[in-house]
Structure formats: C-alpha cells, structure tokens
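What follows is the residue order along each chain.
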Amino acid sequence: MTAIATALEAGLPGLLADSEELVRTESPSEDLAAVADCARVVAGIGTRLTGAAPEWVDGSGRPALRWRFGSGDRVLLLGHFDTVWPVGSLARHPFEVAGGRLTGPGCFDMKAGVAQLFHALSVLDDLDGVSVLLTGDEEIGAPTSRSLIEDEARRTGAVLVLEASEGGALKTARKGMSG
C-alpha cells in the first residue's frame, strides 16, 4: 500500500466525521442563512485540513469559497455545498453509516465529495497549482456563481468535479445544463 493510501485509510474516521458534520448542517439552496452556515462549516474543514483559509466570494448573499495554492492554475477542484433537501429532512432521513454505506440529506450530492476533496488534499505534499471552488447555488442553476466558475475554469489546465456517481463510475458529462 502506498503512503498516500495508508494515510487516507488512517484518516477514514475523520472523513466520516467531517461528512457527518456537513450532512447535519442542512443547506437548501433557497435558505441563505442555512447556506451561509454550511459555508462556515466547509471553510472550517478546509482550513483545518489544508492549513489555508478560503477567500469568501459573495454572490448576492450566496457565499462561494475559493482556495488557491501557489499559482492555482493547474487544476480546479469544483463542487457545491447547497442541497435540494429542505430544512428538517434529517428527521426523516438521518445521517447514518451502515453496511459500508453513508446516507443522509446531501451526502451523495455532494457533501461527502467535499469532505473527500479536503481529506485527499491533506495527504499531498505539494498543493502548488491547485485551486478549490465550492459554491452555494449549484442546485438552482448557479445564478450567482456561474461567471465565477467560468473565470476560474478558464485560468486552470483542468477542472474536476468531485460529485458522486452511481457505482463509483467516473462522470465525464452531465445530462442537464444551466441556462
């Protein structure tokens, strides 16, 4: 097993704890206070695991968080922390880890991916060239972050979105689009 794989395996309890904290911080897109609360949690996790605080980019009350390491121009890791789940969904769909499966509102799309992103970065020796952009309006078509996403994508060599897919497959396209 490689040193990185060993470090990631050792960090699994922390990854699950961070995923749980994100899932328990409900953040439906239309609830600006809830989205801002979740942004604070994301910022805390990202800062703790990378050693760098994000830049807060305000899109009409909808925060986006951006980290740039060094030039930040090699790869952009893109994601979001808003969900389609209304506040109170945890009562009907609680966070749970059972049978090797994590469930709860927003864990699949995409709060576990956000936690995985930061845990992956935490085991790398050099983050030079990496940028991270996490937005709070993806589920409603990115009305305030679209131009920010496009600008960040243009300045990097590659963009990776760490959103889950069925069966662990690699997503290479989306069936929908924002207008």
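This is a predicted model, so every value here is computed, not measured. Positions within a chain are numbered from 1, following the residues in the order the chain's sequence is written. Two thresholds apply to this predicted model, a pLDDT of at least 70 for residue-level local features and 80 or more for giving and counting side-chain atom pairs, whereas whole-chain, interface and lining totals are computed over all residues. No hydrogens and no water enter the side-chain calculation; it runs on all heavy atoms of the structure.

### Concerning the packing of helix H2 (residues 12-24) against helix H3 (residues 32-50)
Two numbers describe how H2 lies on H3: the axes approach to 9 Å, and their chain directions differ by 165°. The angle between H2 and H3 falls in the class roughly antiparallel. Of the two elements, H2 crosses H3, and the hand of that crossing is left-handed. Across the interface between the two elements, Asp18, Glu21 and Leu22 of H2 pack against Cys38, Val41, Val42, Ile45, Arg48 and Leu49 of H3. Gly counts as polar in this scheme, as do all residues outside two lists: the nonpolar Ala, Val, Leu, Ile, Met, Phe, Trp, Tyr, Cys and Pro, and the charged Asp, Glu, Lys and Arg. Classifying every residue of the contact of H2 with H3 by side-chain character gives six nonpolar, no polar and three charged. Axes here mean lines fitted to C-alpha atoms, for a helix over just the part in contact, with angles spanning 0 to 180 degrees between N-to-C directions. We count a stretch as a helix when DSSP gives it H or I for four or more residues in a row; a strand needs E for two or more, and each element gets its number in order from the N terminus. When describing relative orientation, an angle under 35 degrees is termed roughly parallel and one over 145 degrees roughly antiparallel, while 65 to 115 degrees is termed roughly perpendicular and anything else oblique. Crossings are assigned a handedness: left-handed for a near helix turned anticlockwise from the far helix by less than a right angle, right-handed for a clockwise turn. In this description, contact between two residues means that some pair of their heavy atoms is separated by no more than 4.5 Å.

### Details of the pairing of strand S6 (residues 130-135)
Taken across its six residues, S6 has six buried, putting it largely inside the fold. Categorising residues by exposure relies on relative accessible area from a 1.4 Å probe, with only protein chains included: less than 20% of the type maximum marks a residue as buried, more than 50% marks it as exposed, and the intermediate range marks it as partly exposed. Burial along S6 is two-sided: Val130, Val132 and Leu134 and Ser131, Leu133 and Thr135, pointing in opposite directions, are all buried. Pairing between two strands is assigned when DSSP locates at least 2 bridges connecting them. Inspection of the sheet shows strand S2 (residues 62-68) paired to S6 by four bridges, in the antiparallel sense. Its bridge partner lying in S6, Trp67 is registered against Val132. Where strand S3 (residues 75-80) and S6 come together, six bridges link them in parallel fashion. Looking across to S6, one finds that Val75 is bridged to Val130.

### So, a nonpolar patch on the surface
On the surface, Ile4, Leu8 and Leu124 cluster together to form a nonpolar patch covering roughly 230 Å² of accessible area. Assignment of secondary structure puts Leu124 in the loop between helix H5 (107-122) and S6. Classification of Leu124 as partly exposed rests on a relative accessible area of 38%. Patches draw on residues past 30% relative accessible area with no salt bridge. Two like charges within 9 Å are joined, as are two nonpolar side chains (Val, Leu, Ile, Met, Phe, Trp, Tyr) within 5 Å. To be clear on the numbers: accessible area is Shrake-Rupley with a 1.4 Å probe, and residue cover counts the displayed protein chains and nothing else. Any Lys or Arg side-chain nitrogen found within 4 Å of a carboxyl oxygen on Asp or Glu counts as a salt bridge.

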